[in-house]
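Chain residues, written in single-letter form:
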Amino acid sequence: MRDTMLDRGIELKKVTKENISSLNVVMVATLPVNYSPSFYKAIIKGRHMSYLAEVHGKAVGCVVWREEEGQTHLLTLGVFILYRRRGIGSALLNLCIKECKSKEVFLYVHAENDAAIQFYKDMGFGIVSRVPDYYRNMHDNTALKMIRHIT
């Protein structure tokens with residue numbers, strides 16, 4: 001699949017100090033949550049893993065995760081609307097699953113984000129709980145916790 005993605009001009013690149021501003025652009029454009037400067041510092045310091053998806057050199061998607069107590073916490077996954085349904089989100093998520101150090105990946109998704117919930121279900125995640133008051137500054141602040149076991 002990676003060769004096919006390269007043929008289409010799609011490349012996955014690790015986030016570094018040099019391209020972290022591109023990560024910020026993608027996250028601001030694709031996610032309803034704003035992240036503090038400490039979040040980006042954790043990426044630079046290697047406490048969070050992060051990759052960008054680039055199409056012909058332009059950042060169009062991202063994934064960020066960290067290891068937590070024997071589990072992998074998928075913190076963010078976002079792709080620009082014009083680039084969705086091209087396999088970019090799946091490639092980013094599969095990269096996280098391939099590189100993570102645990103046998104379980106979990107995430108939180110906004111309870112009203114039907115497209116994201118369906119995407120994660122299609123990728124093998126299941127809903128395990130509803131988490132009220134998870135998000136700040138949103139009209140409905142409920143999240144769903146989803147988990148995928150890795151074999």
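No experiment lies behind these values; they were computed from the predicted model shown.

About the criteria used
- Residues numbered from 1 in each chain as written.
- Predicted model: local features only at pLDDT ≥ 70, side-chain atom pairs only at ≥ 80, totals over all residues.
- Heavy atoms only, no water.
- Helix = DSSP H or I, 4+ residues; strand = E, 2+ residues; numbered from the N terminus.
- Rg over C-alpha atoms; globule rule 2.2 N^0.38 Å.
- Buried < 20%, exposed > 50% of the residue type's maximum accessible area, 1.4 Å probe, protein only.
- Contact = heavy atoms within 4.5 Å.
- Lys, Arg positive; Asp, Glu negative; His and termini not counted.
- Charge placed at Lys NZ, Arg CZ, Asp CG, Glu CD.
- Axes fitted to C-alpha atoms, helices over the stretch in contact; angles between N-to-C directions.
- Parallel < 35°, antiparallel > 145°, perpendicular 65-115°, else oblique.
- Left-handed = near helix turned anticlockwise from the far one by under 90°.
- Nonpolar A, V, L, I, M, F, W, Y, C, P; charged D, E, K, R; others polar.
- Phe/Tyr/Trp six-rings, centres within 6.5 Å; stacked < 30°, edge-to-face > 60°.
- Salt bridge = Lys/Arg side-chain N within 4 Å of Asp/Glu carboxyl O.
- Arc of directions from axis to C-beta.

Enquirer: Describe the overall build of the protein chain, and please don't skip the residues or the numbers.
Expert: Assigned secondary structure in the protein chain consists of five helices and seven strands. Along the protein chain, from the amino end to the carboxyl end, the secondary structure elements read α-β-α-α-β-β-β-α-β-α-β-β. Computed over its C-alpha atoms, the radius of gyration of the protein chain comes to 15 Å, within 12% of the 15 Å expected for a compact globule of 151 residues. Based on the C-alpha atoms only, the size of the protein chain along its principal axes is roughly 40 × 35 × 30 Å. Residue burial in the protein chain is summarised as follows: out of 151 residues, 48% are buried. In the protein chain, the share of contacts with a sequence separation of at least 24, taken over all contacts with a separation of at least 6, comes to 60%. Taking the average location of the 21 positive side-chain charges in the protein chain and that of its 15 negative ones, the two points are 3 Å from each other.

Enquirer: I'd love a proper account of the packing of helix 2 (residues 20-30) against helix 3 (residues 37-44), names of residues and values included.
Expert: As a packed pair, helix 2 and helix 3 sit with axes 11 Å apart at the nearest point and diverge in direction by 135°. If you check the angle between helix 2 and helix 3, you find them oblique. Where helix 2 crosses over helix 3, the two elements pack in a sense that is right-handed. Here Ile 20, Leu 23, Asn 24 and Met 27 of helix 2 lie close against helix 3, whose contacting residues are Phe 39, Tyr 40, Ile 43 and Ile 44. Of the residues assigned to the contact of helix 2 with helix 3, the class counts are seven nonpolar, one polar and no charged.

Enquirer: Go over the packing of aromatic side chains, please, and point to the residues and values.
Expert: Two aromatic rings, taken as a pair, are described by how far apart their centres are and by the angle between their planes. Summed over all chains, the structure comprises six aromatic pairs. Ring plane angle 10° and centroid distance 6.1 Å describe the contact between Tyr 51 and Trp 65, whose orientation is recorded as stacked. With Tyr 51 in strand 2 (residues 49-55) and Trp 65 in strand 3 (residues 58-68), this pair connects stretches of sequence that are 14 residues apart. Each member of the pair, Tyr 51 as well as Trp 65, is classed as buried. Taken together, the ring pairs in this structure connect Tyr 35, Phe 39 and Tyr 40 into an aromatic cluster.

Enquirer: Account for the pattern of salt bridges, naming residues and giving values.
Expert: Pairing between side chains of opposite charge can happen when their charged atoms approach one another. One pass over the structure, following the stated rule, counts two salt bridges. Two residues, Lys 13 and Glu 54, come together in a salt bridge whose shortest N-O distance is 3.0 Å. Remark: Glu 54 occurs in strand 2 and Lys 13 occurs in strand 1 (residues 10-14); sequence separation between them is 41 residues. You can call Lys 13 partly exposed: its relative accessible area is 31%. The exposure class of Glu 54 is buried, given its relative accessible area of 9%. The shortest N-O distance in the salt bridge between Arg 66 and Glu 68 comes to 2.4 Å.

Enquirer: Tell me about helix 3, residues and numbers included.
Expert: Along helix 3, the residues classified as buried are Phe 39, Tyr 40, Ala 42 and Ile 43. One face of helix 3 carries all of its buried residues, which in axial projection span an arc of 155°. Of the exposed residues in helix 3, the ones pointing more than 90 degrees away from its buried face are Pro 37 and Lys 41. Against helix 2, strand 2, strand 3 and strand 4 (71-79) lie the buried residues of helix 3. Where helix 3 terminates, the next one or two residues include Gly 46, which has phi positive at roughly 85°.

What is shown is where atoms sit, not what they do.
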